[in-house]
Amino acid sequence: MASPACRGTIVPAPSYDAEADAGVLRKAMKGIGTDEDAIINLLVKRSNAQRQEISKKFKVMYGKDLIKELKSELGGNFENAVLALMETRYEAKLLRRAIKGAGTDEECLIEILCTRSNAEIQQIKQAYKAEYRRDLEKDVAGDTSGHFKRLLVSMCQGAREESDVVDADKAQREAQELYQAGEKQWGTDESKFNQILALRSFPQLRATFDAYVKISQRDIVNSIEREFSGHIKDGMMAVAQAVRSVPSFFAHQLYRSMKGAGTNDDQLIRIIVSRSEVDLVDIKAKFLEEYHKTLFTMIKGDVSGDYRKLLLAVVGKD
């Protein structure tokens, strides 16, 4: 699948002065207290590349590391969200954190590896290697197991077919194969699902999923939910949902991060920041369409303080 044209809520400032911006941030943090509003207003109006230039200029001008200064001045989820906006190689770092140490953040692995284009996967792998001198595929394989491991290893290849041409006969044939591998038999042939979902292009898979409904009288996502369990189910469902619509998948994940008691702040920050320069405009539209309230409104009612101000500034009103 080709990377979409930028549909982010954050776009590069057409004209900006990194030196002046560094001065604004220095002033916001100098002396007693911090001017959080000044930090928010500046960071959300600059692209990540522009923020990196500001960070470099800050060190030249003041002999201090901007990230360390922000860490010392800010706290809590507001700090986490600001630092996420300032990150280079953000997704590579998210994956490393998901794998490193005790336990694994499978949700993060699925969210990134199962939804990205070939080009995005290759960029993430290169960034991971450059940042950690480690191989992403080996680290993922070493931290997962079974069919879930196989799915993620497949995703790590970044080698999905990319043709926009749909083979209707193949779609029909492979829809039948998926039906035979799941709903029609006792037990599930996970490898057949892995093969088709990891190999075929998104347009081809959409045709296959449409054919599948006619054969099985079920949507593929519903069948995966019935046939699989655990992390492999979540991974397969993420691929299937992303095939239908990547923005819809992320709208669903954002809703899940906030619904009910408590908030999954790590997930909320991760999606808002990582999609802010990609397709957050489309995610907002899908969110409203599917949940009958704006993403802005749900965030406003779910979090508070400067953390809320920052997320709302990134998302923007509809």
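Predicted model, so just to flag it, every value in this text is computed and none were measured.

A. Quick look at the layout of surface pockets. Put simply, the largest pocket is a space of about 570 Å³. Every residue lining the largest pocket is counted, 25 residues in all, and those nearest its centre are Tyr90, Glu91, Gln123, Ser274 and Val278. At the level of secondary structure, the elements contributing two or more residues to the lining of the largest pocket comprise helix 3 (48-62), helix 5 (76-86), helix 6 (90-99), helix 8 (118-132) and helix 17 (265-275). At 5 residues, the largest contribution of residues to the lining of the largest pocket is made by helix 8. Of the residues in the lining of the largest pocket, the class split is 11 nonpolar, 6 polar and 8 charged.

B. The packing of helix 6 against helix 7 (residues 106-113), seen in detail. At a closest axis distance of 8 Å, the pairing of helix 6 and helix 7 adopts a crossing angle of 150°. Taken together, the axis directions place helix 6 and helix 7 in an arrangement best described as roughly antiparallel. Where helix 6 crosses over helix 7, the two elements pack in a sense that is left-handed. Touching Glu91, Leu94, Leu95, Ala98 and Ile99 of helix 6 are Cys108, Leu109, Ile112 and Leu113, all from helix 7. Here the contact of helix 6 with helix 7 is built from residues that sort into 8 nonpolar, no polar and 1 charged.

C. Quick look at the pattern of salt bridges. Applying the stated criterion across every chain yields a total of 23 salt bridges. Between Glu161 and Arg200 there is a salt bridge whose closest N-O contact spans 2.8 Å. Of the two residues, Glu161 is situated in the loop between helix 10 (146-156) and helix 11 (168-181) and Arg200 in the loop between helix 12 (190-199) and helix 13 (202-216); the sequence distance between them amounts to 39 residues. For Arg200, a relative accessible area of 9% translates into the label buried. The salt bridge partner of Arg275 is Asp279, with a shortest N-O separation of 2.9 Å. Look at the salt bridges and you will find they share partners, linking Asp37, Asp306 and Lys309 into a network.

D. A look at the side chain of Thr34. If you trace the backbone, Thr34 turns up in the loop between helix 1 (18-29) and helix 2 (36-43). The buried category is assigned to Thr34, whose relative accessible area is 18%. Among the polar contacts made by the side chain of Thr34, one reaches the side chain of Glu73 at a distance of 2.6 Å. Here Thr34 is in contact with Ala28, Met29, Ile39, Glu73 and Leu74, once residues within four sequence places are set aside.

E. Layout of helix 5. Here helix 5 lies mainly inside the structure; 8 of its 11 residues are buried. Taken as a whole, helix 5 has its buried residues at Phe78, Glu79, Ala81, Val82, Leu83, Ala84, Leu85 and Met86. Taken together, the buried residues of helix 5 touch helix 2, helix 3, helix 4 (66-73), helix 6, helix 17 and helix 20 (305-315).

F. The arrangement of the packing of aromatic side chains in detail. The tally for this structure, following the rule as stated, stands at 7 aromatic pairs. Ring centres 5.1 Å apart and planes at 70° place the aromatic pair Phe249 and Phe250 in the edge-to-face group. Across the pair, exposure class does not vary: Phe249 and Phe250 are buried alike. Consider the rings of Phe287 and Tyr291, whose centres lie 5.2 Å apart with planes at 55°: the pair is tilted. Placement of both Phe287 and Tyr291 in helix 18 (residues 280-291) is noted, with a separation of 4 residues, approximately one turn of the helix. Given the relative accessible area of 0%, Phe287 is considered buried. Joined through ring pairs, the aromatic side chains of Tyr255, Phe287 and Tyr291 make up one cluster. Sitting above the plane of the Tyr62 ring, Arg26 keeps its charged end 5.2 Å from the centroid. A cation sits over an aromatic face here: Arg96 above Tyr132, 5.7 Å from the ring centre.

Conventions adopted
- Residues numbered from 1 in each chain as written.
- Predicted model: local features only at pLDDT ≥ 70, side-chain atom pairs only at ≥ 80, totals over all residues.
- Heavy atoms only, no water.
- 1 Å grid on protein atoms, 1.4 Å probe; cavity = no way out; pocket = protein on both sides within 12 Å on 5 of 7 lines; lining within 4 Å.
- Points joined across faces, edges and corners; volume = space filled by probe spheres on them.
- Helix = DSSP H or I, 4+ residues; strand = E, 2+ residues; numbered from the N terminus.
- Nonpolar A, V, L, I, M, F, W, Y, C, P; charged D, E, K, R; others polar.
- Axes fitted to C-alpha atoms, helices over the stretch in contact; angles between N-to-C directions.
- Parallel < 35°, antiparallel > 145°, perpendicular 65-115°, else oblique.
- Left-handed = near helix turned anticlockwise from the far one by under 90°.
- Contact = heavy atoms within 4.5 Å.
- Salt bridge = Lys/Arg side-chain N within 4 Å of Asp/Glu carboxyl O.
- Buried < 20%, exposed > 50% of the residue type's maximum accessible area, 1.4 Å probe, protein only.
- Polar contact = N/O pair within 3.5 Å; in protein donor to acceptor, adjacent residues only side chain to side chain.
- Phe/Tyr/Trp six-rings, centres within 6.5 Å; stacked < 30°, edge-to-face > 60°.
- Lys NZ or Arg CZ within 6 Å of the ring centre and 35° of its normal.

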